Protein chains: 2
Amino acid sequence: MESDVQTILAGEIRPASRLIRRVEDGDLSVRPLLRALYRHGGRAQIVGLTGSPGVGKSTLTDQLIAAWRAEGKRVAILAVDPTSPFTGGAILGDRIRMSRHFTDGNVFIRSMATRGHLGGLARATGEAVQVLDAAGWEVILIETVGVGQAEVEIIHLAETVVLAVAPGEGDDVQAAKAGIMEIAHVFAVNKAKREGAERTAQMIEEMLNFRDESAADYWRPPVVKTEALDGRGIRKLIEAIDGRRRFLETHPKAAAEARRLRARQMLTETLKSLAADRFIGAREGDEAFRKILDDIAGRREDPYTAAEKLLSG
Amino acid sequence: MESDVQTILAGEIRPASRLIRRVEDGDLSVRPLLRALYRHGGRAQIVGLTGSPGVGKSTLTDQLIAAWRAEGKRVAILAVDPTSPFTGGAILGDRIRMSRHFTDGNVFIRSMATRGHLGGLARATGEAVQVLDAAGWEVILIETVGVGQAEVEIIHLAETVVLAVAPGEGDDVQAAKAGIMEIAHVFAVNKAKREGAERTAQMIEEMLNFRDESAADYWRPPVVKTEALDGRGIRKLIEAIDGRRRFLETHPKAAAEARRLRARQMLTETLKSLAADRFIGAREGDEAFRKILDDIAGRREDPYTAAEKLLSG
């Protein structure tokens, strides 16, 4: 294990990649390794990119990789977008869009999935971020479709969340009551050449005007128009993302609160997976546990009472 | 509370609907009510319907509702399909497809979402199923996009899982290694009039030929061709779903194992939510807990050690 820690900290890709695979598999024996790596992290710029399907997230990601690489940064991408229940067709398509970076040893691209029964995608993605962070990747981009609950949880792992919006989605944006709008630190109105882009950008700005900006540590999300196909606006998008980082550096209270939120997210996922492992996974095959399941199935016990009994030992 | 239990058991829609809303909100005060209702359930036929986006699940659902209603059954639909992060555009579209059933008091249609921080979509959907089951709905159909992890977990709540496949998805089906294929009890090749439907159905049959059918309680999933737009094949699909139910009635060992799997799924979700609530949610605002979060954020503590300490009291 010690040698794994050393090679991963030295930035070697293969052991890190193997560890991420085991994390996805829900392999519990990697916990000591993750634990040892954790204290070496904390330097990476963690960016989340989310938005509806078809808004052009993969093409944006491709452009962002190119821009970060031009700055000499090592870039890791975690893509969480399993649109097909079968082979992950969309992911394959996405990868093709980023294919020009495949031979670049300073770009790490990984599609995240979970094959394990315990623990979830949010936990696996969070742990993959920790591995890459410890391994010295300077930018870690988490790309999600941002629709399911798991995806929203995942996005809480990012320091800066970019919400990609398509022209015409403005009405939806205005109608959105809570949740996704609140977690965006930067808006990217993509496909800016398309009709309605200007109007959509304005609608987002107007919506932001309604927010209370009086707090000393209020961050107003910039709205950037991008055209991922030809790279227009990408520079401004990078500036907006970096602007958020500078803001956090100069607003310690806001930064502490953001860090706490991310710590809470990691802790929640870890705790859920530990609890499921300890009280359910570890008892698989156990005769008494089988009886509990049969009692629930037979309606002699309800799952709440059973779960409370398990938790209380 | 006692009066709520009575009105819900009597089949009144409003209190059941209100309770499901509170379940989605992650309102913990409803647990005693859920607990009281649980032992009254167990009679409903719970069907899961999943498949890739665009395969025609909502139109299939619409046809299934019509067929079940023709049999005089009361039908509840839980749709888990938030394709837009904003207003749930896809759900609105889906609802329109089922709109002819809106005025039918014996059809309950609900789009599931979670707004609460603790507990997830799988837990909320599972609890909604329990409420509807206790309330005497004879068929409960859970419709999911079946792509994300939460959706796969949700589908484990169903007694019979229908996987809808589009013509041409056959190659994907063959390439699929694990997971979704194994949970299907019935395959519906929808859009059967389209080219490639026959070939896709054959590929699924061939794949099923490779399975070991020698076990006494082996259920071979039927492959049904459907055309949801005009209702062709829906009768056969209903027969396949009912066939699975009869199979379970005549194979007690297989039925017990299936019930155990569902009990395990409910117990896991309940336990995770209880643990997150007890060890994290209940400590919100607590100074010592804030310190734990700050220690994790500051890399003085790792989330695994912190979670273990919390779990061990």
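Up top you'll find the structure we're talking about.
The following paragraphs examine the structure supplied in this document. (Residues numbered from 1 in each chain as written. Chains lettered and ligands numbered in written order. Predicted model: local features only at pLDDT ≥ 70, side-chain atom pairs only at ≥ 80, totals over all residues.)

Brief notes about the nonpolar core
Burial of nonpolar side chains together is a common tendency in soluble globular proteins.
Part 1 of the reasoning: Counting residues in each nonpolar core, the largest one holds 169 residues, and the members touching the most others are Leu132(A), Ile140(A), Leu132(B) and Ile140(B).
Part 2 of the reasoning: Those residues in contact with Leu132(B), other than ones at most four positions away along the chain, are Ala16(B), Ala44(B), Ala76(B), Phe108(B), Trp137(B) and Ile140(B). (Core = buried A, V, L, I, M, F, W, Y, C linked by C-beta atoms within 7 Å. Buried ≥ 20, exposed ≤ 12 C-beta atoms within 10 Å, placed from the backbone. Contact = placed C-beta atoms within 7 Å.)

Overview of the environment of Ile280(B)
Part 1 of the reasoning: Checked against the element boundaries, Ile280(B) lands in the loop between helix H12 (252-279) and helix H13 (287-297).
Part 2 of the reasoning: Residue class for Ile280(B) comes out buried when judged on the 21 C-beta atoms lying within 10 Å of it.
Part 3 of the reasoning: Once residues lying within four places of it in the same chain are set aside, the contact partners of Ile280(B) are Leu267(A), Thr268(A) and Leu271(A). (Helix = DSSP H or I, 4+ residues; strand = E, 2+ residues; numbered from the N terminus.)

Things to note about helix H2 (residues 13-24) of chain B
All names here are of chain B.
Part 1 of the reasoning: With 12 residues, H2 should reach 16 Å at 1.5 Å per residue; the first-to-last C-alpha distance of 17 Å fits that figure.
Part 2 of the reasoning: Within H2, the full set of buried residues consists of Ala 16, Leu 19, Ile 20, Val 23 and Glu 24. For H2, the buried positions fall inside an angular range of 145° around the axis, keeping them on one side.
Part 3 of the reasoning: Looking at the buried positions of H2, the neighbouring elements they touch are helix H1 (2-9), helix H3 (31-38), strand S3 (107-111) and helix H6 (121-134). (Expected span 1.5 Å × (residues − 1). Arc of directions from axis to C-beta.)

Focus on the sheet that holds strand S1 (residues 45-51) of chain B
Residue and element names in this part refer to chain B.
Part 1 of the reasoning: Read across the open sheet, the seven strands follow the order S3-S2-S4-S1-S5-S6-S7; overall the sheet is parallel. Lying at the two open borders of the sheet, with one neighbouring strand each, are S3 and strand S7 (223-225). Strand-to-strand twist of the sheet, defined as the mean angle between neighbouring strand axes without regard to direction, takes the value 20°.
Part 2 of the reasoning: The sheet contact formed by S1 and strand S5 (residues 160-165) spans five bridges and is parallel. The partner of Gly 48 across the bridge, within S5, is Val 161. (Pairing = 2+ DSSP bridges. Axes fitted to C-alpha atoms, helices over the stretch in contact; angles between N-to-C directions.)

Some remarks on the pairing of strand S4 (residues 139-144) of chain B
Residue and element names in this part refer to chain B.
Part 1 of the reasoning: A large share of S4 lies buried, amounting to six of its six residues.
Part 2 of the reasoning: Judged by which residues are buried, S4 turns out to be covered on both faces: Val 139, Leu 141 and Glu 143 on one side and Ile 140, Ile 142 and Thr 144 on the other are all buried.
Part 3 of the reasoning: Note: S1 against S4, five bridges, orientation parallel. Among the inter-strand pairings, Val 47 is bridged to a residue of S4, identified as Leu 141.

Some details on unusual backbone geometry
All names here are of chain B.
Part 1 of the reasoning: Look at Lys 191: it is not a glycine, yet its phi comes out positive at around 60°.
Part 2 of the reasoning: You can call Lys 191 buried: it has 23 C-beta atoms within 10 Å.
Part 3 of the reasoning: Not every positive phi belongs to a glycine, and Arg 299 is a case in point at roughly 65°.
Part 4 of the reasoning: Take Arg 299: it is sitting in the loop between H13 and helix H14 (303-311).
Part 5 of the reasoning: The partly exposed category is assigned to Arg 299, around which 13 C-beta atoms lie within 10 Å.

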